[in-house]
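Okay, here's what each chain looks like letter by letter:
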2 protein chains.
Amino acid sequence: MHISEIDTPAVLIDLDVMERNLRRAQEYLSGHGIRLRPHMKTHKLPEVGRMQVELGAVGLTCAKIGEAEVMADAGITDLFLAYPIWGAEKLERLVRLAERCRLTVAFDSPEVAQGISRAMQESGHEVGALVEIDTGMGRCGIAPGPEMLALCRTVADLPGLRFAGIMTYQGHVAGSTREREAHMQDENERVVEVLDCLRAEGLECEVVSGGTSPSLFLSHHLPAVTENRCGTYVFNDRNMVSSGAVSWSDCAMRLAVTVVSNAVPGQIIIDGGSKTFSSDRCGAWEGYGRVVEDPDLLFLKMNEEHGYVRRNGSTKSHPVGERLHVIPNHVCTAMNMHDEVWVHRGEQVVDRWTIQARGKLR
Amino acid sequence: MHISEIDTPAVLIDLDVMERNLRRAQEYLSGHGIRLRPHMKTHKLPEVGRMQVELGAVGLTCAKIGEAEVMADAGITDLFLAYPIWGAEKLERLVRLAERCRLTVAFDSPEVAQGISRAMQESGHEVGALVEIDTGMGRCGIAPGPEMLALCRTVADLPGLRFAGIMTYQGHVAGSTREREAHMQDENERVVEVLDCLRAEGLECEVVSGGTSPSLFLSHHLPAVTENRCGTYVFNDRNMVSSGAVSWSDCAMRLAVTVVSNAVPGQIIIDGGSKTFSSDRCGAWEGYGRVVEDPDLLFLKMNEEHGYVRRNGSTKSHPVGERLHVIPNHVCTAMNMHDEVWVHRGEQVVDRWTIQARGKLR
C-alpha cells in the first residue's frame, strides 16, 4: 500500500528516519558512558519501546501507571515511573506492576514516599526510589538543602523502598548551543554538590536520572546524570528543529492531511485541527506545524477539526482534495490524539500499529 | 459510590445541571420557533445525544463520519454532517450511513459536491445538501455573491444531492451582550439577503443552519437561522462563563484531580496537564481552568501530566493528596482527551459512560 492511499488525517512514521534517530542517540550516550532509559510518552508504542531496549536502552521511563502496564505487557522488564503515585487504586496497580517488573519510582514528598512504602511493605515487595530535586525547572522537585536531605534519609529508612538516587529535569535549559552548554555545566555542578552532600550522609546514588531531547547531544556536559530519559528524540518535531538540535530530515513523524476548503481568499483549510495536532504552540516559531510540501505556508490557527493555513507568500496552488504532510510542533501531544500510526519505508506502508498507551491518564 | 472515590484525573458530569442546560436551551429555541440540532462534538456520548433528541432536538450535528456512525449506532436517525467530506474511503462510509439515516451534508466547493453526488448516485441514494457560506468567520464558506449562487445552482442540478439550504457559523460573534445583539442583527440581514437572492433564482432554503453556544440565548436576534447547532451549552465551560453567557453554576462538567506535589514554593502541581485538559486557552481570561474549591488559585501552565497552579493570593492549604475539581477552558477538547465520564447526582455516582465518539478524526 502506498502512503497516499491512507485516509486522512493520519499519523505516518518513517521507519528509516526513526531507526536512525534511535541508533544515533544510543551510540552517542553509550559512547559517553550514560545509560539510556527513554521516556515512552512520545511514542506510546510497545513496538518502539521494544526496539529501544533491543538497541541498548536499560529500560523505559513512564509517567502514568497505565503506560507502565502497557510496556510491561509488551515484555519490558525494567521500568521507571517518573511521576508521584498517590491513592489506593494506583498503589494497588503499582504493587501488581512490582510483581512482574524491576520497578523504580520517584517523588518529592514524604506523603507519597510513605504511601508507596506502606503498599510495598504490605505486599512484600520493594521498589527503587529516586527523590526528585528541582535544579531550576520549577515544576516538581525539592530544592537542594536540608529538606531534600531529610527526605532522602526518610526514604533510606522506609521499608519497601530502596533509596536509589535522585531525579532532575532540565526542561528549562534553552538558548543557543553555547548557552545550553554553559547551562548544562552549571547544572552539573549543582548535581555534583547534591551528590557530595548525600555521600557525606552515607547515601550513595546508584542512579541520577535527567536529560531532555533538545539537549540530548550535549549530555556529555552533564556527566553527573547517569541515566538519560529523553523522549522526543525518537521522532523529533518542529519544536526540536526550532531549538537547533536537529534538522527537518530528522523528523520521523508527519500528519497526512487533506485540503477540504479554499473558499476564503488567501487561505486553505486542512482536515486536521487541535483534535489532530493538539493545540500545543511552538516555543520559538509562529504557527502549529510545518507543511512539508510548501514550507512557505503558515499553519496559523486551529479549531478542533479545521486547520487554518495562510498562503503567506506561497505561490503554489492548493486545490480541494490535495494531500499534504505536516510536521507537528509537539509530537508527544500529537501522538496522544491518535489511535494508530501507519509505518512506512520510503512511500510504502509496511505496518500499522495501535497506539496502545494513548490516553493513559492514570 | 461517592465521587471522592473516583481515581483521578477523571471527568465528572453533574446530571442535574446538564439536564437543566438541555431543557433550558430546548425551551428557549422552541419558544422562538427555531429547531435545535445540537453538535455532538461537545459530549461525544450516545446517552446525551439520545436525551437531546428525546427533549425535542430534530437530530444531531456531527463533524466527522466516525462521529455520525457512533450516533447512528445509538439510534439517532437524522444527522447533519457539517464538514466537507472528501476521499473514496469516507464516501463509501457516507453511503453506508445514508442507508440507515436521514442525512444532510455541507460543503463550500464544487469538488466536494461532485464527489458526494457521484457516490450517492452510484449507490442509488440521495442526501440533503447545505452550501456553507461565510458571513465573517473566515473559516470555511463561500462569501455571498455570484460564485455562491453558482454553487447552489450546481447542487440543485446534481443527482444524488437535494439542495436543502445554507449553513453559516457565527464563531466570530463576540463582545458584550449589546455588541453581540447588534452583530446578530447584522448577521440576520446578511443571511436574509442571501435567502432573497437564492429565492430569486428559484432556490428555496428549507434549512438555514447556524448558531453557537455563547450566543445561544440571543438567537431570536438572528431569526433567519432555522436550525441551531450549538454544542457547548450541554456542559458549559470557562470560556462560556468568560463570554458572559452563563454562570459557574451552569457548568456541568468538572475534572477531578489530585495535588501530587507542592515542593516548589508558591505552587501546587495537580495530576492533570494538557493530556487531561487539552492545551486550549481561554479567550478572555488567563490560565487553563477554574479550581472550584479555591478560585483564587491560578492554573497558569501545563505540561502533559503536570498542571502548574500558582497560589496567587490564596491562603488555603493544599496538601499532597488533596482532591480538587477544575472547570476546563474548553469542554469539547477536554472531553476528547478521555475515554469515560463519571455521571453523578449530588455527590453520588449514578453511572459511568464510555465516550464512544472520542477521537473520531475521520
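Residues numbered from 1 in each chain as written. Chains lettered and ligands numbered in written order. Predicted model: local features only at pLDDT ≥ 70, side-chain atom pairs only at ≥ 80, totals over all residues. Heavy atoms only, no water.

**Brief notes about the pairing of strand β15 (residues 323–328) of chain B**
Residues and elements named next belong to chain B. Selection rule: Note on classification: 1.4 Å probe, protein chains only; a residue is buried when its accessible area is under 20% of the maximum for its type, exposed when over 50%, partly exposed between these limits. Put simply, DSSP H or I for four residues or longer makes a helix, DSSP E for two residues or longer makes a strand, and each gets a number counted from the N terminus. DSSP bridges decide pairing: two strands pair if at least two such bridges lie between them.
Among the six residues that make up β15, five are buried, leaving the element largely enclosed by the rest of the structure. Looking at chain direction, strand β10 (residues 253–261) and β15 are connected through four bridges and run antiparallel. Each bridged residue has a counterpart across the sheet, and for V257 the counterpart in β15 is L324. Sheet analysis places strand β12 (residues 289–291) next to β15, joined by three bridges and oriented antiparallel. The residue of β15 that forms the bridge with G289 is P328.

**Looking at the sheet that holds strand β4 (residues 78–81) of chain B**
Residues and elements named next belong to chain B. Across the sheet, eight strands lie side by side as β2-β9-β8-β7-β6-β5-β4-β3; this open sheet has parallel pairing. The open sheet terminates on both sides in strands that have one partner only, identified here as β2 (35–36) and β3 (60–62). Relative to strand β9 (residues 227–228), β2 is paired through two bridges, and the arrangement is parallel. By the bridge assignment, L36 is partnered in β9 with N228.

**Describing the relation of the copies chain B and chain A**
Convention followed: A least-squares fit on C-alpha atoms brings the copies together, and the residues used are those whose pLDDT is at least 70 in both copies. Throughout, a residue-residue contact means that at least one pair of heavy atoms, one from each residue, lies within 4.5 Å.
Overlaying chain B on chain A yields an RMSD of 0.0 Å, the required transformation being a rotation through 180° with an accompanying axial translation of 0.0 Å. Taken together, these values place the two copies in the relation of a two-fold axis. For chain B, the minimum C-alpha distance to the rotation axis belongs to S279 of chain B and amounts to 2.8 Å. A shared interface surface links the copies, since 100% of the contact residues of chain B are contact residues in chain A too.

**Observations regarding the packing of helix α4 (residues 88–98) of chain B against helix α5 (residues 110–123) of chain B**
Residue and element names in this part refer to chain B. Heads up, the condition is: To obtain an axis, a line is fitted to C-alpha atoms, over the contacting stretch when the element is a helix, and the angle between two such axes runs from 0 to 180 degrees between their N-to-C directions. Reported orientations rely on four angle classes, namely roughly parallel under 35 degrees, roughly antiparallel over 145, roughly perpendicular from 65 to 115, and oblique for the rest. Crossing handedness follows the turn of the near helix against the far one: under a right angle anticlockwise gives a left-handed crossing, and clockwise gives a right-handed one. When residue character is reported, Ala, Val, Leu, Ile, Met, Phe, Trp, Tyr, Cys and Pro are called nonpolar, Asp, Glu, Lys and Arg charged, and the others, Gly included, polar.
Contact geometry of α4 with α5 gives a least axis separation of 10 Å together with a crossing angle of 55°. For the element pair α4 / α5, the angle class is oblique. The crossing of α4 and α5 is right-handed. Note on element contacts: α5 touches α4 through G115, I116, A119, M120 and S123, opposite L91, L94, V95 and A98. In the contact of α4 with α5, the residues fall into seven nonpolar, two polar and no charged.

**So, empty space enclosed by the protein**
Here is the rule: In the cavity and pocket records, a cavity denotes points on a 1 Å grid over the protein atoms alone where a 1.4 Å probe fits but cannot get out, a pocket denotes an open set with protein on both sides within 12 Å along at least 5 of 7 lines, and lining residues are residues with an atom within 4 Å of a point. Grid points are joined across faces, edges and corners, and a volume is the space filled by probe spheres set on the points.
Per the stated rule, a full pass over the model turns up 11 cavities of 30 Å³ or more. Taken together, 16 residues line the largest cavity, and the ones lying closest to its centre are S278, S279 and M337 of chain A together with S278 and M337 of chain B. Residue assignment for the lining of the largest cavity shows that the elements contributing at least two residues are α9 (274–277) of chain A together with α9 (274–277) of chain B. Of the residues contributing to the lining of the largest cavity, the split by class is two nonpolar, 10 polar and four charged. By volume, the second largest cavity is sized at about 70 Å³. Taken together, I34, Q170, M184, G211, T212, S215, L216, S219, L222, V225 and N228 of chain A form the lining of the second largest cavity. A per-class count over the lining of the second largest cavity returns five nonpolar, six polar and no charged.

**Looking at the pairing of strand β5 (residues 102–107) of chain A**
Residue and element names in this part refer to chain A. What counts here: Crossovers are described as right-handed under a simple rule: with the strands pointing away from the observer, the path leading from the first strand over the helix to the second runs clockwise.
Where burial is concerned, most of β5 is hidden: five out of the six residues are buried. As judged from the four bridges shared by strand β4 (residues 78–81) and β5, these two strands associate in the parallel manner. Note on β5: the bridge partner recorded for L81 is V105. For the crossover that starts at β4, traverses helix α4 (residues 88–98) and ends in the parallel β5, the hand is right-handed. Bridge count for β5 against strand β6 (residues 127–132) is four bridges, and the pairing is parallel. Across the sheet, A106 pairs through a bridge with L130, a residue of β6. In this fold, the crossover linking β5 to β6 by way of helix α5 (residues 110–123) has right-handed handedness.

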